[in-house]
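# Secondary and tertiary structure notes
Listed here are the chains, written in short residue letters.
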Amino acid sequence: MAEESQTITINDTDYNVEDLDAVQQNYLQHVQDLDFRMRQTQFSLQEMQAAREYFSQSLVRSVETPAEELANE
């Protein structure tokens, strides 16, 4: 079974990755790596935002609720 060539689209033009020179392939690898790292960072940011919201709400609740009530939870 023949393997399909990997293609990329740049400014509405398709290019076979294997036809790119070494420098262009290196640029492509950087772009792909940065895209991956940006997705990871966005995922981590979502987790941090959710954790911050939890701790912020916990802080507010702890200062607004008598200590005896918090101990019973």
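None of these values were measured; they are calculated from a predicted model. (Residues numbered from 1 in each chain as written. Predicted model: local features only at pLDDT ≥ 70, side-chain atom pairs only at ≥ 80, totals over all residues. Heavy atoms only, no water.)

### Quick look at the packing of aromatic side chains
Under the definition given, this model contains one aromatic pair. Aromatic pair Tyr54 and Phe55: ring centres 5.1 Å apart, planes at 75°, arrangement edge-to-face. By the burial criterion, Tyr54 is exposed, and Phe55 matches it. (Phe/Tyr/Trp six-rings, centres within 6.5 Å; stacked < 30°, edge-to-face > 60°. Buried < 20%, exposed > 50% of the residue type's maximum accessible area, 1.4 Å probe, protein only.)

### Observations concerning the environment of Tyr27
As for its placement among the helices and strands, Tyr27 is situated in helix α1 (residues 22-64). Taking C-alpha positions, Tyr27 is 14 Å from Tyr15, a pair spaced 12 residues apart along the chain. (Helix = DSSP H or I, 4+ residues; strand = E, 2+ residues; numbered from the N terminus.)

### Comments concerning α1
With 43 residues, α1 extends 62 Å from end C-alpha to end C-alpha; this agrees with the ideal 63 Å at 1.5 Å per step. With a side-chain oxygen lying 3.1 Å from the backbone nitrogen of Val23, the N-terminal cap of α1 falls on Asp21. (Expected span 1.5 Å × (residues − 1). Polar contact = N/O pair within 3.5 Å; in protein donor to acceptor, adjacent residues only side chain to side chain.)

### Concerning the pattern of salt bridges
Following the criterion strictly, the structure yields one salt bridge and no others. Among the salt bridges present, the one from Asp33 reaches Arg37, with a minimum N-O distance of 3.1 Å. Residue Asp33 and its partner Arg37 are both found in helix α1; the two are separated by four residues, about one turn of the helix. Owing to a relative accessible area of 35%, Asp33 belongs among the partly exposed residues under this scheme. (Salt bridge = Lys/Arg side-chain N within 4 Å of Asp/Glu carboxyl O.)

### Points about the side chain of Thr65
Relative to the helices and strands, Thr65 resides in the loop between α1 and α2 (67-71). The class for Thr65 is buried, based on a relative accessible area of 18%. A polar contact of 2.8 Å, which involves the side chain of Thr65, links it to the backbone oxygen of Arg61.

Everything listed here is a matter of coordinates, which is why it stays silent on function.
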